[in-house]
Amino acid sequence: MKSTTRRFARGSRWPLLAVFALLACALVLAACGGGGSTSTPEEPTASQEEPAGSEESAASEEGAGAEESEAKGEPIVTMTYTDVNTEGPQYKNIEETERVYQEWINSHGGIAGRPLEAKFCDAHGTPTAAAACAREAVADKAVAVVGNFTFTGDAVVPILEKGNTALFGNCCAISPLELTSKISFPMGNQPLYGVGLVHKAVEQGCEHIKGVIIEGAEAFEPLMENAAKVEGTKIEKFIKLPGTAQDYSAQVAEATAGDTDCLVMIVSETPYIAWMPAFAQSGSEVRMYGPQGNFNENAVKGFESVVEGDVVAGMYPDISLPQWDEYREALEKFEADTSQDYNSLGGMGTWAAYEGFKQVVESMSGEVNNATFLKAAETAKVNLPGMVPPLNFAENWGKTGGPKGFERLVNRCGTFSEFKEGKLTPLGEKFEDLSILGGGTKPMDCGPAFG
């Protein structure tokens, strides 16, 4: 179906909360881009291997950045946790983004004039360690935990609830409690980007669609099937991909057999790396649609012509755009680990979370602590043009026609990119509403163009 030249020839409503409870811990691909210890999920894309050296970074140094001024006074304490030192998926880019944001904001006036003390806790990929991070946040009197991701959110939320502490801004709410607890305030649209994959495939003329789902991510299937039904089509078959990277020739053959013209894929970065040689060897011209931070430049390295025109669905616009000027400048100035992919859900999601946190704090009057922040967050409005749609936490999906089990979602808008000569480039100039496709009853205002 591809119109470009390649080097190789080649009904239901959303799932019930119980389904997510059974499968959430295995959804490695669904969060921020993930992989094992031998190939981390957020390794550099070609465009971001040297975030300090891009033309955009140079432009930001010439005047896009905020004026520097030192923050003073009593620190505002936060915590960010994620999985770094673990045999499973690792999210070092979240830790690095938290670090550079702290450095950046404290050299640009702080938050409400006060310095940010952003603590980090490694959740090590286990419920026990994640719970320990939550207890540490409460003990340290963190104003909020900000920009986090782990697969074990259900171990964290009860502790934060008891400590009256907000779970704020995370990209990728994945556990049942993260999606329903009153202390949870996600800014990303997880898991709606799976709906976005189907939407874009149909919009681009795909007629015979199959799904490729990593083992453990089966909870995405009903979401995607619902979107296909609303679009007037169906996903003809789902192919399960073993989570451990291996020779995927058999799965490639099954996925591309017959008259398949498009694949909608929920797959993490490391399996994508293993998938690409088998896919190229097959000679298939099927178009692939995959998730932000996983189907990335690193995953397709060496197969750039094979993925020409393929599409990525996500939550955040591309890091090359002007709204991320300060983020790119901070990555350069404070020497972020260049082995990480910052054009990703984990990277951009954590930066946006802290920017949102800053807005909420600066809208408050009186004392800033965990209890007062939690109260303020309940009705807070976050306006970060081009990073996320306009968000009103008083109008979460539980109050605006969303399906049961996803009440805390506020952001229901997706973004898209496509591969051109091996580089990801923005596809479209605005957020696209996915509310109805995802099983909701009311659309969302996704805001103005961001391109």
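These numbers come from a predicted model, not from an experiment. (Residues numbered from 1 in each chain as written. Predicted model: local features only at pLDDT ≥ 70, side-chain atom pairs only at ≥ 80, totals over all residues. Heavy atoms only, no water.)

**Some remarks on the overall build of the protein chain**
Thinking step 1. For the protein chain, the helix and strand inventory stands at 13 helices and 15 strands.
Thinking step 2. In the protein chain, which comprises 451 residues, the share counted as buried stands at 62%.
Thinking step 3. For the protein chain, the exposed surface amounts to about 15900 Å²; the carbon and sulfur share of it is 50%. (Helix = DSSP H or I, 4+ residues; strand = E, 2+ residues; numbered from the N terminus. Buried < 20%, exposed > 50% of the residue type's maximum accessible area, 1.4 Å probe, protein only. Areas by Shrake-Rupley, 256 points an atom, 1.4 Å probe, with all protein chains shown as cover.)

**Quick notes on the state of the cysteines**
Thinking step 1. In this structure the tally under the stated criterion is 4 disulfides.
Thinking step 2. For C171, the disulfide goes to C172, at an S-S distance of 2.2 Å. The chirality of the disulfide connecting C171 with C172 is left-handed, given an S-S dihedral of about -105°. Across the pair, exposure class does not vary: C171 and C172 are buried alike.
Thinking step 3. The partner cysteine of C413 in its disulfide is C446, sulfur to sulfur 1.9 Å. The sign of the -85° torsion about the S-S bond sets the C413-C446 disulfide as left-handed. (Disulfide = S-S within 2.5 Å.)

**A closer look at the sheet that holds strand β4 (residues 166–168)**
Thinking step 1. Pairing in this open sheet of 5 strands is parallel, and the strands run β2-β1-β3-β4-β5 from one edge to the other. Edge positions in the open sheet fall to β2 (116–122) and β5 (184–185), since each of these has one partner strand only.
Thinking step 2. With 2 bridges joining them, β4 and β5 adopt parallel strand pairing. Bridge assignment links F168 to a residue of β5, and that residue is F185.
Thinking step 3. Contacts from helix α12 (residues 345–362) reach β1 (76–82), β2, β3 (144–146) and β4 within the one sheet, and its direction differs from that of β1 by about 155°. (Pairing = 2+ DSSP bridges. Contact = heavy atoms within 4.5 Å. Axes fitted to C-alpha atoms, helices over the stretch in contact; angles between N-to-C directions.)

**Observations concerning the packing of helix α11 (residues 325–333) against α12**
Thinking step 1. Orientation of α11 relative to α12, taken along the N-to-C sense of each, is 110°, at an axis distance of 11 Å. By the angle between their directions, the pair α11 and α12 is classed as roughly perpendicular. Judged by residue contacts, E326, Y327 and A330 of α11 engage G347, M348 and W351 from α12.
Thinking step 2. Looking at side-chain class alone, the contact of α11 with α12 contains 4 nonpolar, 1 polar and 1 charged residues. (Parallel < 35°, antiparallel > 145°, perpendicular 65-115°, else oblique. Nonpolar A, V, L, I, M, F, W, Y, C, P; charged D, E, K, R; others polar.)

**Describing helix α5 (residues 153–162)**
Thinking step 1. Every buried residue of α5 is listed here: G153, V156, V157 and L160. Burial along α5 is one-sided: seen end-on, the buried residues are contained in an arc of 100°.
Thinking step 2. On the buried face of α5, the contacting elements are β1, α4 (127–139), β3, β4 and α6 (176–180).
Thinking step 3. Two residues or fewer after α5 comes N164, characterised by a positive phi angle close to 55°. (Arc of directions from axis to C-beta.)

**Looking at the pairing of strand β8 (residues 262–266)**
Thinking step 1. Among the 5 residues that make up β8, 5 are buried, leaving the element largely enclosed by the rest of the structure.
Thinking step 2. Two strands pair when backbone bridges link them, and β8 and strand β9 (residues 287–291) are joined in this way by 3 bridges, in the parallel orientation. Counterpart to C262 in the pairing with β9 is R287.

**Examining helix α7 (residues 193–203)**
Thinking step 1. Counted residue by residue, α7 has 10 buried out of 11 residues, so it is predominantly covered.
Thinking step 2. Looking at α7, one finds that the buried residues are Y193, G194, V195, G196, L197, V198, H199, K200, A201 and V202.
Thinking step 3. Following α7 by one or two positions, G205 adopts a phi angle in the positive range, close to 95°.

**Things to note about the packing of helix α3 (residues 92–106) against α12**
Relative orientation and spacing of two packed helices are given, respectively, by the angle between their axes and the distance between those axes.
Thinking step 1. Put simply, α3 and α12 touch, their axes get as near as 8 Å, and they point 40° apart. Relative to α12, the crossing made by α3 is right-handed. On α12, the residues touching N93, I94, T97, E98, V100, Y101, W104 and I105 of α3 are G346, G347, T350, W351, Y354, E355 and K358.
Thinking step 2. Across the contact of α3 with α12, the residue classes break down as 7 nonpolar, 5 polar and 3 charged. (Left-handed = near helix turned anticlockwise from the far one by under 90°.)

**Digging into the pattern of salt bridges**
Thinking step 1. In the structure shown here, the tally under the stated rule is 11 salt bridges.
Thinking step 2. The partner of K92 in a salt bridge is E95, and the shortest N-O contact between them spans 3.1 Å. Here E95 and K92 lie together in helix α3, a separation of 3 residues that amounts to about one turn.
Thinking step 3. On the accessibility criterion, K92 (26% relative accessible area) is partly exposed.
Thinking step 4. Across the pair K358 and E362 runs a salt bridge, and its minimum N-O distance is 3.2 Å. In this pair, K358 and E362 are both assigned in helix α12, 4 residues apart and thus about one turn of the helix distant. (Salt bridge = Lys/Arg side-chain N within 4 Å of Asp/Glu carboxyl O.)

**A look at the nonpolar core**
Thinking step 1. Within the largest apolar cluster, 137 residues are counted, with the highest numbers of intra-cluster contacts made by F168, W275, W324, F357 and F373.
Thinking step 2. Sort the elements by how many residues they give to this core and α12 lands first, with 9 residues. (Core = buried A, V, L, I, M, F, W, Y, C linked by side-chain atoms within 4.5 Å.)

**Considering the environment of N170**
Thinking step 1. With respect to the element layout, N170 can be found in the loop between β4 and α6.
Thinking step 2. Apart from the residues within four sequence positions on either side, N170 is in contact with G147, N148, E178, F185, P186, M187 and G188.

**Considering the confidence of the model for the protein chain**
Thinking step 1. Considering every residue of the protein chain, the mean pLDDT works out to 86; 85% of them sit at 70 or more.
Thinking step 2. Note on residues 1–31: pLDDT under 50 across the span, and 115 contacts to partners over four residues away in sequence or across chains.
Thinking step 3. Note on residues 34–64: pLDDT under 50 across the span, and 89 contacts to partners over four residues away in sequence or across chains. (pLDDT = per-residue confidence, 0-100.)

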